[in-house]
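Residue strings, one per chain:
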Amino acid sequence: RWESWEERVPRYEQPSPFQFAKIMVPTKENVLYTYLLRMTKVVQKPVLFVGDPGTAKTVTIQNFINSQAPDKHLKLNLNFSSRTTSFDVQNNIVDNVDKRTGHIYGPPAGKQLLIFIDDMNMPIVDTYGTQEPIALLLFLVGRGCMYDRGKDLDLRVYKDLQFSAAMGPPGGGRN
């Protein structure tokens, strides 16, 4: 039987104690997006939300990440800007994982690192028409590895990472 998203919207409950910044009015859209986040996490696939400013992309993803069991998950928020470099992204990820064995890295055993990238399309376009931080993420998500930037350029494999991202549509200072 088909069920509309409106039927799944929970009743609004005021946060206690009341804090304006914690107000989240449930809508059919954030119920749908939370469901999509849950399903992409189950199948361990990355997800990208694209939408105009004010459509609760960031809040929905952050609420979902914050609702995950802290004993099984670690969180990493990356906020991109025009000054974000691939080196910044790589350092943030490397700082949040441990060496497991050989060239394999990941969060502590039994945990998953939930990585949220906000304003993903903000990094500046370089001479070659690419955005270095996004190219690095594409390599990491697609191949599950990154090269160490030390003198040996070792290939490091990363396990138990889950990616979600949000961005506005191109235009208005976004790439």
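Definitions and limits used
- Residues numbered from 1 in each chain as written.
- Predicted model: local features only at pLDDT ≥ 70, side-chain atom pairs only at ≥ 80, totals over all residues.
- Heavy atoms only, no water.
- Axes fitted to C-alpha atoms, helices over the stretch in contact; angles between N-to-C directions.
- Helix = DSSP H or I, 4+ residues; strand = E, 2+ residues; numbered from the N terminus.
- Parallel < 35°, antiparallel > 145°, perpendicular 65-115°, else oblique.
- Left-handed = near helix turned anticlockwise from the far one by under 90°.
- Contact = heavy atoms within 4.5 Å.
- Nonpolar A, V, L, I, M, F, W, Y, C, P; charged D, E, K, R; others polar.
- Pairing = 2+ DSSP bridges.
- 1 Å grid on protein atoms, 1.4 Å probe; cavity = no way out; pocket = protein on both sides within 12 Å on 5 of 7 lines; lining within 4 Å.
- Points joined across faces, edges and corners; volume = space filled by probe spheres on them.
- Core = buried A, V, L, I, M, F, W, Y, C linked by side-chain atoms within 4.5 Å.
- Buried < 20%, exposed > 50% of the residue type's maximum accessible area, 1.4 Å probe, protein only.

Student: It is not clear to me how the packing of helix α1 (residues 28–42) against helix α2 (residues 57–66) should be interpreted in this structure. Could you clarify?
Tutor: Geometry of a packed helix pair, given as the angle between the helix axes and the separation of the axes. Direction vectors running N to C along α1 and α2 enclose 50 degrees, while the axes themselves pass 10 Å from each other. As summarised for this structure, α1 and α2 are arranged oblique, according to the angle between their axes. Seen along the crossing, α1 lies across α2 with a hand that is right-handed. For the pair formed by α1 and α2, the contact residues are N30, Y33, T34, L37, R38 and K41 on the first element and T60, I61 and F64 on the second. When the residues that make up the contact of α1 with α2 are grouped by side-chain class, the tally is four nonpolar, three polar and two charged.

Student: Please explain the packing of helix α3 (residues 86–95) against helix α4 (residues 132–143) as it appears in this structure.
Tutor: Orientation of α3 relative to α4, taken along the N-to-C sense of each, is 45 degrees, at an axis distance of 7 Å. Our classification of the angle between α3 and α4 gives oblique. In this structure, α3 contributes S86, V89, Q90 and I93 to the contact, and α4 contributes E132, P133, L136, L137 and L140. A class-by-class count of the residues in the contact of α3 with α4 yields six nonpolar, two polar and one charged.

Student: Looking at this model, I keep getting lost on the sheet that holds strand β1 (residues 47–50). Mind explaining?
Tutor: Within a sheet, each strand pairs with its neighbour through backbone hydrogen bonds, oriented either parallel or antiparallel. Strand order in the open sheet formed by four strands is β1-β8-β5-β2, with parallel pairing between adjacent strands. In the strand order of this sheet, the two ends are held by β1 and β2 (73–79), each with one partner. Recorded for the sheet is a direction-independent mean angle of 15 degrees between the axes of neighbouring strands. In this fold α2 packs onto β1, β2, β5 (112–118) and β8 (161–167), with an angle of close to 160 degrees to the strand it touches most, β8.

Student: Whenever I open this one, the layout of surface pockets confuses me. Can you help?
Tutor: One water molecule sets the probe size; rolling that probe over the atoms shows where empty space is left. Here the largest pocket is characterised by a volume of approximately 240 Å³. For the largest pocket, the full set of lining residues is Q44, K45, P46, L140, V141, G144, Y158, K159, D160, L161, Q162 and F163. Those elements that provide at least two residues to the lining of the largest pocket are α4 and β8. Among the elements that line the lining of the largest pocket, the one with the most residues is β8, at three residues. Along the lines of polarity and charge, the residues of the lining of the largest pocket split into six nonpolar, three polar and three charged.

Student: Is there a simple way to think about the nonpolar core in this case?
Tutor: For soluble globular proteins, the rule of thumb is that nonpolar side chains tend to be buried together. The biggest cluster of nonpolar side chains holds 20 residues, and the ones touching the most others in it are I93, I115, I117 and L161. Those elements giving two or more residues to this core turn out to be β2, α3, β5, α4 and β8. Membership of the second largest hydrophobic core comes to nine residues, among which are L37, V47, F64 and L114.

Student: Explanation requested: the sheet that holds strand β4 (residues 104–106) in the structure shown.
Tutor: With respect to topology, four strands assemble into an open sheet ordered β3-β4-β7-β6, the strand pairing being mixed. Across the chains shown, the open sheet's two edge strands, defined by having one partner strand only, are β3 (98–101) and β6 (145–147). Sheet twist, expressed as the average angle between the axes of neighbouring strands with direction ignored, equals 40 degrees. Pairing between β6 and strand β7 (residues 155–158): three bridges, direction antiparallel. Across the sheet, residue Y147 finds its bridge partner in β7, namely L155.

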